[in-house]
Every structure is written in structure tokens, then in C-alpha cells.
Amino acid sequence: MSLLNILQYPDPRLRTKAKPVSEFGQSLRTLTEDMLETMYQAPGIGLAATQVDVHQRIIVIDVSDARDAPYILVNPELTLIGNRFDAEEGCLSVPGYYETVERVEKIAVSAFNVDGTEQIFDAEGLLAVCIQHECDHLEGKLFVDYLSGLKRNRIRKKLLKQQKLSA
Ligand code: NI
């Protein structure tokens, strides 16, 4: 397994719309293992392929305290079925910032497993928020897009400055 480089906002590659996965083979398996390792090491609770510059519809998530309940969702589709509420979010591509974003508290999820098996389940709470956040990445959307332009611009400038300092 190997650690992957996580793109940081405002990298324009984070705006790429991901394409559906059509091949379920060893390369998909390796990619998802690397994504999980990268997410655990960061540490984070979710990672979309977009964030590691792979523009395919794949997300990995683990919201468990023990970090032993990973979800690998390939070509995920969501149906929003709950009420809207305010969720606190952060993102490995926007390090150091946590903001309130409006999400839906319950969703129905349909996706494929890494071996191509279909999985259908309902999710709520943190898991539902995390899946909505990661699916946004696949559309080239980030949680900062929900903030005011002023706030987003402030975060953008601060991150650009940090990236220059560490380059
Ligand atoms: Ni994110």
C-alpha cells in the first residue's frame, strides 16, 4: 500500500467532475486500499478519489471511533430523505478549517462494492453527512462553496499563503 498526495484547495483539479467506474479489477482494489490508508493516516473520516487526482466515482469513509468500519462506495447514488440540519464539516483538502454547512440528516445510498456487488442502505447522522460531502467532491464541489464568498475567499487566501510557504 502507498500513501497518496491529497490535493489542496484551491487546486483547480478539485473542480473536475469524476467519471463512473466501469472496471472492477485489481487496480480499483489497489486504489481503494491506498485511499483508505491515506485517509487513516491524514487522519480523516472520508476521502474522495477526486482529492487524490483520480477522477473516477469512488469514495472511502470510516466514521467509527475504532477506525475499523470502512465503507468503499463505487459509483454512489444518493436520495435525500431526511430534514435539513446544520452540520459541522472539515475537509482534508481544506486543512484547518471547520464550518457549518446545511445537509440532510438521512439518505438512501446505492453504490457498488470494490468487487462490483451492489449495496443499498440508509445512512443517517455523521455517516450521512460524510457521504454527502464526499459525493460533492465527485462533482467538483467543496464544502467551502456553501459558505459566503467573503469567508471562502479568506480561506482561499490563507491556504494559498501556507502552500507558498511550504513549497
Ligand atoms: Ni472533503
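The structure we're discussing is the one just above.
Residues numbered from 1 in each chain as written. Predicted model: local features only at pLDDT ≥ 70, side-chain atom pairs only at ≥ 80, totals over all residues. Heavy atoms only, no water.

Across its full length, the protein chain holds three helices and seven strands. The order of helices and strands in the protein chain, counted from the N terminus, is α-β-β-β-β-β-β-β-α-α. A globule of 167 residues ought to have a C-alpha radius of gyration of about 15 Å, and the protein chain, at 15 Å, matches this closely. Overall size of the protein chain, expressed as C-alpha extent along the three principal axes, is 45 × 40 × 30 Å. For the protein chain, the accessible area works out to roughly 8900 Å², and carbon and sulfur atoms hold 49% of it. Looking at charge distribution, the protein chain has the averaged site of its 19 positive side-chain charges lying 12 Å from that of its 24 negative ones. (Helix = DSSP H or I, 4+ residues; strand = E, 2+ residues; numbered from the N terminus. Rg over C-alpha atoms; globule rule 2.2 N^0.38 Å. Areas by Shrake-Rupley, 256 points an atom, 1.4 Å probe, with all protein chains shown as cover. Lys, Arg positive; Asp, Glu negative; His and termini not counted. Charge placed at Lys NZ, Arg CZ, Asp CG, Glu CD.)

A separate point is the coordination of the nickel ion. Bound to the nickel ion are the protein donor atoms Cys 91 (SG), His 133 (NE2) and His 137 (NE2), situated 2.1 to 2.3 Å from the metal. Here the donor residues of the nickel ion share one chain and are spaced in sequence as C-x41-H-x3-H. With a gap of four residues between them, His 133 and His 137 both fall in helix H2 (residues 125–138), about one helical turn apart. Residue class for His 137 comes out buried when judged on its relative accessible area of 0%. (Donors = N, O, S within 2.8 Å, 3.2 Å for Na, K, Ca; no water. Buried < 20%, exposed > 50% of the residue type's maximum accessible area, 1.4 Å probe, protein only.)

Looking now at the sheet that holds strand S1 (residues 46–48). The antiparallel open sheet is built from five strands, whose spatial order is S1-S2-S3-S6-S7. The open sheet has two free edges, formed respectively by S1 and strand S7 (118–124), since each of these has just one partner strand. Taking the axes of each pair of neighbouring strands and ignoring which way they run, one obtains an average angle of 40° across the sheet. Taken together, the three bridges between S1 and strand S2 (residues 58–61) define a ladder with antiparallel strand orientation. (Pairing = 2+ DSSP bridges. Axes fitted to C-alpha atoms, helices over the stretch in contact; angles between N-to-C directions.)

Taken as a whole, the largest pocket spans an internal volume of roughly 360 Å³. In this structure, the largest pocket is lined by 21 residues; those nearest its centre are Ile 45, Gly 90, Cys 91, Leu 92 and Tyr 98. Elements represented by at least two residues in the lining of the largest pocket include exactly strand S4 (84–89) and H2. Looking at the lining of the largest pocket element by element, the count peaks at six residues for H2. Among the residues forming the lining of the largest pocket, the class breakdown is eleven nonpolar, seven polar and three charged. Of the volumes computed, that of the second largest pocket is approximately 260 Å³. Around the second largest pocket sit 14 residues that line it, and Leu 78, Leu 80, Gln 132, Cys 135 and Asp 136 are the ones nearest its centre. Contributions of two or more residues to the lining of the second largest pocket are made by strand S3 (71–80), strand S5 (99–104) and H2. For the lining of the second largest pocket, a count of residues per class yields six nonpolar, one polar and seven charged. (1 Å grid on protein atoms, 1.4 Å probe; cavity = no way out; pocket = protein on both sides within 12 Å on 5 of 7 lines; lining within 4 Å. Points joined across faces, edges and corners; volume = space filled by probe spheres on them. Nonpolar A, V, L, I, M, F, W, Y, C, P; charged D, E, K, R; others polar.)

Take helix H1 (residues 26–41) next. Its 16 residues give H1 an end-to-end C-alpha distance of 22 Å, which sits within 8% of 22 Å, the value for a rise of 1.5 Å per residue. Listed in full, the buried residues belonging to H1 are Leu 28, Leu 31, Thr 32, Asp 34, Met 35, Leu 36, Thr 38 and Met 39. Elements that come into contact with the buried residues of H1 comprise S1, S2 and S3. (Expected span 1.5 Å × (residues − 1). Contact = heavy atoms within 4.5 Å.)

What follows covers the state of the cysteines. Joining two cysteines, a disulfide is a covalent bond between their sulfur atoms. Within this structure, the stated rule accounts for zero disulfides. Left without a disulfide partner, Cys 130 is nearest to the cysteine sulfur of Cys 135, which lies 9.6 Å away. The exposure class assigned to Cys 135 is buried, which follows from its relative accessible area of 11%. (Disulfide = S-S within 2.5 Å.)

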